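# Breakdown of the fold
Each chain is listed here by its residues.
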Amino acid sequence: MVDAMPLAGAGLAQHRDWTRAARALLSGCVDLRDGGQRLALLEQVCRGLGDALYPDFLTLLAHVGEHGDAQACGVVAATLLEGLRTGRVPSGRRHAWGAGPGGAWRSLGPLEYLCAARDRAGQSASIGQTGESDLSGEARFQREGAALLRLVDADGDARRLYIERLRALADDPLEGGLSRQAREGLRLMAVAWAEGQAPDVVCQRYLGALAGAGGSGLSALAARRW
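Predicted model, so just to flag it, every value in this text is computed and none were measured.

## Section: the packing of helix α3 (residues 35-49) against helix α4 (residues 54-67)
Relative to each other, α3 and α4 sit at 140°, their axes nearing to 8 Å. What the angle tells us is that α3 and α4 run oblique. Crossing of α3 over α4 shows right-handed handedness. Of α4, the residues touching α3 (which contributes Leu42, Val45, Cys46 and Leu49) are Tyr54, Asp56, Phe57 and Leu60. Among the residues making up the contact of α3 with α4, the classes are represented as seven nonpolar, no polar and one charged.

What follows is the structure, encoded as structure tokens:
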């Protein structure tokens, strides 16, 4: 197994040399010809960073999607495809929607995690999730979301299965990691993505769903006159 430690832990967290980290990740994936081993490498990197630094893992993937060539993106996308097929998409844990610090947790993959972070930033500043401020900015959501979409687009089967994944999350009212407006946003993203819309347009569909929801979240319920 390729050593994933140069990609994880204090080194990446402190220095955030994304180009170097992306090259190391790609080198490891290329050296491992088996899809299962490549997926294990991604999982090892993800575990090494931990839940608190899962946003760094997303930035690493987005850097490949933004700066990598077709071959580089294809290798990583094919690895994510293995995770989609086997139910092992490298994921980060977040508190379930509306849960307190000691409440239930949910695991979310790259795109839906990024979407949930953007949604919660607009709902309440009191959640205090570690890494929330790093992902919640609209400009960063647009940039990293579009880069992740480009990355997955590099493999047709990965694209198809991720669209199905977003649709399934959108249709599941019991998915505790996402609010109602976030699930509607994922549904609109899946539709736009399946239509072949550009990545930035797909991201705008999600932001539009949040903007359209306005004050329909928990804060609005609390303020409603009965």
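Let us keep going from here.
## Some points on the packing of aromatic side chains
Under the definition given, this model contains four aromatic pairs. Each ring, one from phenylalanine 141 and one from tyrosine 206, has its centre 5.4 Å from the other, and the planes form 35°; the classification is tilted. Of the two residues, phenylalanine 141 sits in helix α8 (residues 138-153) while tyrosine 206 sits in helix α11 (residues 199-213), which places them 65 residues apart along the sequence. Accessibility assignment for this pair places phenylalanine 141 and tyrosine 206 in one class, buried. Feature note: the residues Tyr54, Phe57 and Tyr113 constitute an aromatic cluster, connected by ring pairs. The ring of tryptophan 105 has arginine 93 lying over it, and the distance from NZ or CZ to the ring centre is 4.5 Å. Against the face of tyrosine 113 rests arginine 94, its NZ or CZ located 5.0 Å from the ring centre.

## Points about the nonpolar core
Judged by nonpolar contacts, the single largest core of 59 residues is most densely connected at Phe57, Leu186, Trp193 and Tyr206. Leucine 186 has contacts with Glu112, Cys115, Leu166, Leu169, Ala170, Leu178 and Tyr206, leaving out every residue within four places of it along the chain.

## Remarks on the side chain of histidine 63
The topology assignment puts histidine 63 in helix α4. In this structure histidine 63 comes out as buried when scored by relative accessible area, which is 16%. Those residues in contact with histidine 63 that lie beyond four places of it in its chain are Trp18, Thr19, Ala22 and Gly68.

## Here's the deal with the environment of aspartate 119
Inspection of the secondary structure assignment puts aspartate 119 in helix α6 (residues 110-123). With 63 residues separating them along the chain, aspartate 119 and alanine 182 place their C-alpha atoms 6.3 Å apart.

Calculation notes
- Residues numbered from 1 in each chain as written.
- Predicted model: local features only at pLDDT ≥ 70, side-chain atom pairs only at ≥ 80, totals over all residues.
- Heavy atoms only, no water.
- Axes fitted to C-alpha atoms, helices over the stretch in contact; angles between N-to-C directions.
- Helix = DSSP H or I, 4+ residues; strand = E, 2+ residues; numbered from the N terminus.
- Parallel < 35°, antiparallel > 145°, perpendicular 65-115°, else oblique.
- Left-handed = near helix turned anticlockwise from the far one by under 90°.
- Contact = heavy atoms within 4.5 Å.
- Nonpolar A, V, L, I, M, F, W, Y, C, P; charged D, E, K, R; others polar.
- Phe/Tyr/Trp six-rings, centres within 6.5 Å; stacked < 30°, edge-to-face > 60°.
- Buried < 20%, exposed > 50% of the residue type's maximum accessible area, 1.4 Å probe, protein only.
- Lys NZ or Arg CZ within 6 Å of the ring centre and 35° of its normal.
- Core = buried A, V, L, I, M, F, W, Y, C linked by side-chain atoms within 4.5 Å.

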